[in-house]
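Architecture and fold: a report
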Amino acid sequence: MTTSAELIEMSERRSAHNYHPLPVVIHEAHGAWVTDVDGKRYLDCLSGYSSLNFGHGHPKIIEAARTQLERLTLTSRAFYHDQFAQFCAGLGDLTGKDMILPMNTGAEAVETAIKVARKWGYEVKGVEPDQANIIVMEGNFHGRTTTIVSFSTDPEAHDNYGPYTPGFRLVPYGSAEAIRRAVDANTVAVLVEPIQGEAGVLVPPDGYLSEIRELCTAQGILMVADEVQSGLGRTGQTFACDFEGVVPDIYILGKALGGGVVPVSAIAADREILGVVQPGQHGSTFGGNPLACAVGIAVIELLNTGEFQARAAKLGEVLHARLRELVGKGVVEVRGRGLWAGIDVDPNLATGREVSKALLARSVLAKDTHGSTIRLAPPIVVSEEDLIWAVSQLADALYALS
Ligand SMILES: *Cc1c(COP(=O)(O)O)cnc(C)c1O
């Protein structure tokens, strides 16, 4: 049998080093727990960056996938298939939007939103040819394509990938005033994460999203919310924008939309906006395929019960109450909403990576973001007992490092 150390060595030898995984080789997973090749169990507190909101192998998602897998998996959009209508209608109803444009990955959905906003700008708003600009936020994370990394402020994501795509204006996250100052006649959209995930689960000041909404409406600009990580139950609401009762013009969705099974992403918008895309003007071979739609329908049905949102809200209170107790005990600050927390560890104590490793040794899978920040985002199906146990492991790990 191949040992875990051998599998890691072989993986490093034959794969590009664009990730720096924690030294665990996962073999199997159910619900909130994963098992490695040696049979050791870990509580998953990353959930595939919130792709596994409903847990590993949720029976309804797996059942939908299995049934579809045996019947029809791919047609391309050259033809209709029998899962497509229900997926679009379901996601349209969930977002309250007229139309859906399905893609696969989050980055592709962000690219789609950028293209649609520009096209809308030229064809509906009347922006001068090739002059459209989109206001984006410092600290953003929207994916890894060349256009998207062009406006990343993270040197690792950005540097040496030029020449960069023009047409983006960076402003500080959390200041509606900064957006107001950046707007001009050629501004077509404001692209914002309602909570910045990769930046360290940064929750903007109260009123920020509503101010963006008002500003966009007043100026005739599209508000585009990247809910790829914040959406679909994670925060205790269906969308993080719901906390301010804000409805963006375009929702960007991904990650959990694929139920942890297949990549499924989409943008949702009303007809005045998405109607600008005509046949041949945008597409994807795999976007909206039957397997993706069947899984997406199962995810939407789970969200329609409201159970996951309610559970994330309830368990989120438990999580944040326990984490707040750690402030001053190795933790400098805790942020987040629902079952999503960014924890700034005292940098004198340890780096985020060191804390992640200490948690791994204590059977908790978590990942650092920048510097000394750890994020916790367990599957929403996690039990309250396991959640409390995970926080106690963090407390122990911090105590051991001090
Ligand atoms: C993960 C993420 C993306 C990119 O999704 P991929 O599927 O990795 O391309 C985009 N936006 C946000 C907010 C994300 O968290």
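In this text, all values refer to a predicted model and were calculated from it rather than measured experimentally. (Residues numbered from 1 in each chain as written. Predicted model: local features only at pLDDT ≥ 70, side-chain atom pairs only at ≥ 80, totals over all residues. Heavy atoms only, no water.)

**As for the pattern of salt bridges**
All chains considered together, the criterion is met by 11 salt bridges. Between Arg335 and Asp344 there is a salt bridge, and its shortest N-O distance comes to 2.7 Å. In this structure, a network of salt bridges that share partners links the residues Glu177, Arg180 and Arg181. (Salt bridge = Lys/Arg side-chain N within 4 Å of Asp/Glu carboxyl O.)

**With respect to the nonpolar core**
Formed by 62 residues in total, the largest nonpolar core has its most connected members in Phe87, Leu91, Leu323 and Ile343. Top element by residues in this core is helix H11 (residues 290–304). It accounts for 10 residues. Setting aside residues up to four positions removed in sequence, Ile343 forms contacts with Leu323, Val331, Glu333, Val334, Ser372, Thr373, Ile374, Leu376 and Leu394. Among the nonpolar cores identified, the runner-up in size contains 30 residues, and Ala132, Val224, Ile252 and Val276 belong to it. (Core = buried A, V, L, I, M, F, W, Y, C linked by side-chain atoms within 4.5 Å. Buried < 20%, exposed > 50% of the residue type's maximum accessible area, 1.4 Å probe, protein only. Helix = DSSP H or I, 4+ residues; strand = E, 2+ residues; numbered from the N terminus. Contact = heavy atoms within 4.5 Å.)

**Description of the site of the ligand**
Inspection of the region around the ligand gives Thr105, Gly106, Ala107, Phe141, His142, Gly143, Glu193, Asp226, Val228, Gln229 and Lys255 as its neighbouring residues. In this structure, a nitrogen atom belonging to the ligand sits 3.4 Å away from a main-chain N or O atom of Phe141. Side-chain polar atom of Asp226 to a nitrogen atom of the ligand: 2.6 Å apart, as the coordinates give it. For the ligand, whose accessible area on its own is 390 Å², the fraction buried by protein is 82%. Partitioned by chemical class, the residues of the shell around the ligand number three nonpolar, five polar and three charged. (Near = heavy atom within 4 Å. Polar contact = N/O pair within 3.5 Å; in protein donor to acceptor, adjacent residues only side chain to side chain. Areas by Shrake-Rupley, 256 points an atom, 1.4 Å probe, with all protein chains shown as cover. Nonpolar A, V, L, I, M, F, W, Y, C, P; charged D, E, K, R; others polar.)

**Overview of the domain arrangement of the protein chain**
Each assigned domain of the protein chain is listed here: domain 1 (4–57 + 307–401) and domain 2 (72–304). At the junction of the two partners, domain 1 supplies 27 residues and domain 2 supplies 28 residues. Carbon and sulfur atoms make up 58% of the area that domain 1 and domain 2 hide from each other, which totals about 2400 Å². Looking only at domain 1, the three residues that lose the most surface to domain 2 are Gln309, Arg337 and Trp340, adding up to 35% of its buried area. Joining domain 1 to domain 2, the criterion identifies two salt bridges. Across the pair Asp206 and Arg337 runs a salt bridge whose closest N-O atoms are separated by 3.9 Å. (Domains from an automatic or database assignment. Buried area = accessible area lost by both parts, 1.4 Å probe.)

**Details of unusual backbone geometry**
The omega angle of the peptide bond from Gly162 to Pro163 is 0°, so this bond is cis rather than trans. Among the structural elements, Pro163 can be located in the loop between helix H7 (155–158) and strand E6 (168–171).

**What about the packing of helix H4 (residues 84–95) against H11?**
It is at 9 Å that the axes of H4 and H11 come closest, and there the two elements cross at 35°. Seen along the crossing, H4 lies across H11 with a hand that is left-handed. Residue-level contacts link Phe84, Gln86, Phe87, Gly90, Leu91 and Leu94 of H4 to Cys293, Gly296, Ile297, Ile300, Glu301, Leu303 and Asn304 of H11. Its residues assigned to classes, the contact of H4 with H11 comprises eight nonpolar, four polar and one charged. (Axes fitted to C-alpha atoms, helices over the stretch in contact; angles between N-to-C directions. Left-handed = near helix turned anticlockwise from the far one by under 90°.)

**So, the pairing of strand E12 (residues 341–345)**
Extensive coverage of E12 is indicated by the burial of five of its five residues. Burial along E12 is two-sided: Ala341, Ile343 and Val345 facing one way and Gly342 and Asp344 facing the other are all buried. Bridge analysis of strand E11 (residues 331–336) against E12 gives five bridges, and the strand direction is antiparallel. Bridging across to E12, Val334 finds its partner in Ile343. In this antiparallel pair of consecutive strands, E11 and E12, the connection spans four residues, and Gly338 shows a positive phi of 60°. Alignment of E12 against strand E15 (residues 373–376), held across four bridges, turns out to be antiparallel. Following the sheet pairing, Ala341 is matched in E15 by Leu376. (Pairing = 2+ DSSP bridges.)

**Quick look at the state of the cysteines**
Scanning the model with the defined rule gives zero disulfides in all. We note that Cys216 lacks a disulfide partner, and the nearest cysteine sulfur, in Cys241, lies 11 Å from it. (Disulfide = S-S within 2.5 Å.)

**So, the environment of Ile26**
One can find Ile26 in strand E1 (residues 26–30). In sequence terms Ile26 and Leu315 are 289 residues apart; their C-alpha atoms lie 26 Å from each other. Not counting chain neighbours up to four residues away, the residues in contact with Ile26 comprise Val34, Thr35, Asp36 and Leu365.

**Concerning the side chain of Glu227**
For Glu227, the location among the structural elements is in the loop between strand E8 (222–226) and strand E9 (250–253). Arg337 provides the closest opposite charge to the buried, unpaired Glu227, separated from it by 9.6 Å. Among all residues touching Glu227, those that are not within four sequence positions of it are Pro194, Phe239, Ala240, Cys241, Tyr251, Ile252 and Leu253. (Lys, Arg positive; Asp, Glu negative; His and termini not counted.)

**Quick notes on the packing of aromatic side chains**
Under the counting rule described, the total for this entry stands at five aromatic pairs. Pairing Phe54 with Phe308 gives two aromatic rings, centres 5.0 Å apart and planes at 80°, and the pair type is edge-to-face. Residue Phe54 is found in the loop between helix H2 (47–50) and helix H3 (59–69), and its partner Phe308 is found in helix H12 (residues 307–324); the two are separated by 254 residues along the sequence. A relative accessible area of 2% means that Phe54 is categorised as buried. Consider the rings of Phe151 and Phe168, whose centres lie 4.3 Å apart with planes at 35°: the pair is tilted. In this pair, Phe151 sits in the loop between helix H6 (146–150) and H7 while Phe168 sits in strand E6, placing the two residues 17 residues apart along the sequence. The pair Phe151 / Phe168 is uniform in exposure class, with both members buried. A cation over an aromatic ring shows up here: Arg337 above the ring of Phe243, its NZ or CZ 4.3 Å from the ring centre. (Phe/Tyr/Trp six-rings, centres within 6.5 Å; stacked < 30°, edge-to-face > 60°. Lys NZ or Arg CZ within 6 Å of the ring centre and 35° of its normal.)

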